[in-house]
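Observations on the three-dimensional arrangement
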Amino acid sequence: MTPAHRSSFGTNLNRRSFLRYSALTGAALGGAGLLAACGSDSSSSSGGTTQDGSKYGTVAVQLSWIKNIEFAGEYFADSRGYFRDAGFGAVDLIAGGAASTSVEAGLDTGKVWIGLSAPQTTAPAILEGLPAKIVGTTFQKNPFAIVSSAARPITSPQDMRGRRIGVQDTNQLVFNTLLTANGMTPGDVTIVPAQFDPTPLANGEVDGWVSYVTNEPITLAAKGFQNSHFLFADYGLPLVAETFTVLQSTIDDERDKLKAFLTAEIKGWRDAVADPAESARLAVEVYGKDLNLDLEEQTQEAIAQNDLVVSADTQANGLFTMTDALIEQNIAALATAGIEITADQLFDLSILEEIYAENPELKG
């Protein structure tokens, strides 16, 4: 399966159904995550030490997907000791996936301290009562794309009219929102229910496929299927992705600890951007060694991923930052999906502002 199946665009959910929905198949975090959460409870942000002798103890970090190249910056921050140098005894990277508890549910139950999520997932949770905020974003653009054959390319939403588009069940809402944002309706295309293996596209059973730009286009090309794609983010859905989401209490009561964590993350992602080959090696041989990942494919995905992580704005303002314009674009995109929320309700970029004010060398 590919990352494309992760999407769950916001719907009107009551608190109980939100938590059940977020858990997807109902699986809970594994024992390691529970232990990590217990470790984070004993951490200190007031200058003392924890049971393991570190300043902040152990924290649990919920990833949004399996341990592939997508989290290269976290791998560097861990393997090169940036988390340790920042005062953490350990940082437990908990894999996500179809059967995992969502970041928002993990925060709500106290099983995780911080997680990587997305505005379209966090915003509905906040509106349903979760006291949380997005404090930064790894991807300046979300990776959602429509991939098609190079022989019959689909290069824009309008090109989809009358064409057969493979859409996974969990991506129906984000796909429909793409249509809405471009003045189209589901009736303008032929939606073909799909799973996550893009073989039907390669076989000519469909004309386009909802995918991640960092995944299916690369895997298909590696198998000899030349393809074209366009990003949702370039056509009315400029949502960010892999957002750092925390409880409001973390911002209020553990600000120094959060700053230390994000500083280590910045250092890790600077390394990841600079060295896609080592990013891939860490994913394939260390953190995702049980996943049978392909080194060449992961390297190509790391290179493609850099285009989502780095932009002119991040080069000027630093990784993870968001300009006021990008924030407003995200709020508008959420409104297109029927999620009405304000920037102040969803985002707090003040921690990053403090980090870069205190450490301007991290911007370069």
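Presented here is a report on the structure given in the accompanying data block. Keep in mind it's a predicted model, so treat the numbers as computed, not measured.

1. Focus on the overall build of the protein chain
In terms of regular secondary structure, the protein chain is built from 17 helices and 10 strands. Taking all 364 residues of the protein chain together, 57% fall into the buried category. Pairs at least 24 residues apart make up 79% of the contacts formed inside the protein chain by residues separated by at least 6 positions. Carbon and sulfur atoms form 50% of the exposed surface of the protein chain, whose accessible area is close to 14200 Å².

2. So, the packing of aromatic side chains
Working definition: an aromatic ring pair is given by the centre-to-centre distance plus the angle between the planes. Counted under the stated rule, the structure contains 10 aromatic pairs. With centroids separated by 5.3 Å and ring planes inclined at 15 degrees, the aromatic side chains of Phe-83 and Phe-261 adopt a geometry described as stacked. Pair noted here: Phe-83 is in helix H4 (residues 82–85) and Phe-261 is in helix H11 (residues 255–274), with a separation of 178 residues, a long-range link. As far as burial versus exposure is concerned, Phe-83 and Phe-261 are alike and both buried. Through pairs of rings, three or more aromatic residues link up here, namely Tyr-56, Phe-83, Phe-88, Trp-113 and Phe-261.

3. Concerning helix H12 (residues 276–287)
Of all the residues in H12, the buried ones are Pro-276, Ser-279, Ala-280, Leu-282, Ala-283, Val-284 and Tyr-287. In this structure, the buried side of H12 is in contact with helix H3 (72–79), strand S2 (88–94), H11 and helix H13 (295–309).

4. Describing the pattern of salt bridges
A complete count under the given rule lists 13 salt bridges for this structure. With a closest N to O distance of 3.3 Å, Glu-285 and Arg-281 form a salt bridge. Of this pair, Glu-285 and Arg-281 both sit in helix H12, four residues apart, which is roughly one turn of the helix. Ionic contacts of the salt-bridge type, sharing partners, join the residues Arg-152, Arg-163, Arg-164 and Asp-207 into one network.

5. A word on the pairing of strand S1 (residues 57–62)
Burial runs high along S1: six of the six residues are buried. Where S1 lies against S2, six bridges are found, and the strand directions are parallel. Bridging across to S2, Val-61 finds its partner in Leu-93.

6. Remarks on the packing of H3 against H11
One can describe the packing of H3 onto H11 by two numbers: an axis separation of 7 Å at closest approach and a directional angle of 110 degrees. As the angle between them shows, H3 and H11 are arranged roughly perpendicular. Every pair of crossing elements has a handedness; the one defined by H3 and H11 is right-handed. In this structure, H3 contributes Ala-72, Gly-73, Glu-74, Phe-76 and Ala-77 to the contact, and H11 contributes Ala-264, Glu-265, Gly-268, Trp-269, Asp-271 and Ala-272. Here the residues of the contact of H3 with H11 are counted per class, giving six nonpolar, two polar and three charged.

7. Comments concerning the environment of Asn-306
Among the secondary structure elements, Asn-306 is positioned in helix H13. Note on Asn-306: relative accessible area 14%, which makes it buried. Linking Asn-306 and Thr-214, residues 92 residues apart in sequence, is a C-alpha distance of 9.6 Å. Here Asn-306 is in contact with Ala-272, Val-273 and Pro-276, once residues within four sequence places are set aside.

8. Focus: the packing of H11 against helix H17 (residues 350–358)
At a minimum axis separation of 10 Å, H11 and H17 run at an interaxial angle of 65 degrees. When the axes of H11 and H17 are compared, the pair comes out roughly perpendicular. Viewed along their axes, H11 and H17 form a crossing whose handedness is right-handed. Residue-level contacts link Arg-255, Leu-258, Lys-259, Leu-262, Thr-263 and Ile-266 of H11 to Ser-350, Ile-351, Leu-352, Glu-354, Ile-355, Tyr-356 and Glu-358 of H17. Classifying every residue of the contact of H11 with H17 gives seven nonpolar, two polar and four charged.

9. Quick notes on a negative patch on the surface
Together, Asp-324, Glu-328, Asp-344 and Glu-353 make up a negatively charged patch on the protein surface. Turning to its location among the elements, Asp-344 is positioned in helix H16 (residues 343–346).

10. Points about the sheet that holds strand S10 (residues 241–247)
The sheet built from five strands is open, its strands ordered S2-S1-S3-S10-S4 with mixed pairing. The two strands at the open ends of the sheet, each matched to only one other strand, are S2 and strand S4 (132–139). Direction aside, the axes of adjacent strands within the sheet are offset by 25 degrees on average. In the sheet, S1 pairs with strand S3 (residues 114–117) via two bridges, with the strands oriented parallel. In the strand pairing of S3, Val-61 is matched with Ile-114.

Thresholds applied
Residues numbered from 1 in each chain as written. Predicted model: local features only at pLDDT ≥ 70, side-chain atom pairs only at ≥ 80, totals over all residues. Heavy atoms only, no water. Helix = DSSP H or I, 4+ residues; strand = E, 2+ residues; numbered from the N terminus. Buried < 20%, exposed > 50% of the residue type's maximum accessible area, 1.4 Å probe, protein only. Contact = heavy atoms within 4.5 Å. Areas by Shrake-Rupley, 256 points an atom, 1.4 Å probe, with all protein chains shown as cover. Phe/Tyr/Trp six-rings, centres within 6.5 Å; stacked < 30°, edge-to-face > 60°. Salt bridge = Lys/Arg side-chain N within 4 Å of Asp/Glu carboxyl O. Pairing = 2+ DSSP bridges. Axes fitted to C-alpha atoms, helices over the stretch in contact; angles between N-to-C directions. Parallel < 35°, antiparallel > 145°, perpendicular 65-115°, else oblique. Left-handed = near helix turned anticlockwise from the far one by under 90°. Nonpolar A, V, L, I, M, F, W, Y, C, P; charged D, E, K, R; others polar. Patch = residues over 30% accessible without salt bridge, like charges linked within 9 Å, V, L, I, M, F, W, Y side chains within 5 Å. Lys, Arg positive; Asp, Glu negative; His and termini not counted. Charge placed at Lys NZ, Arg CZ, Asp CG, Glu CD.

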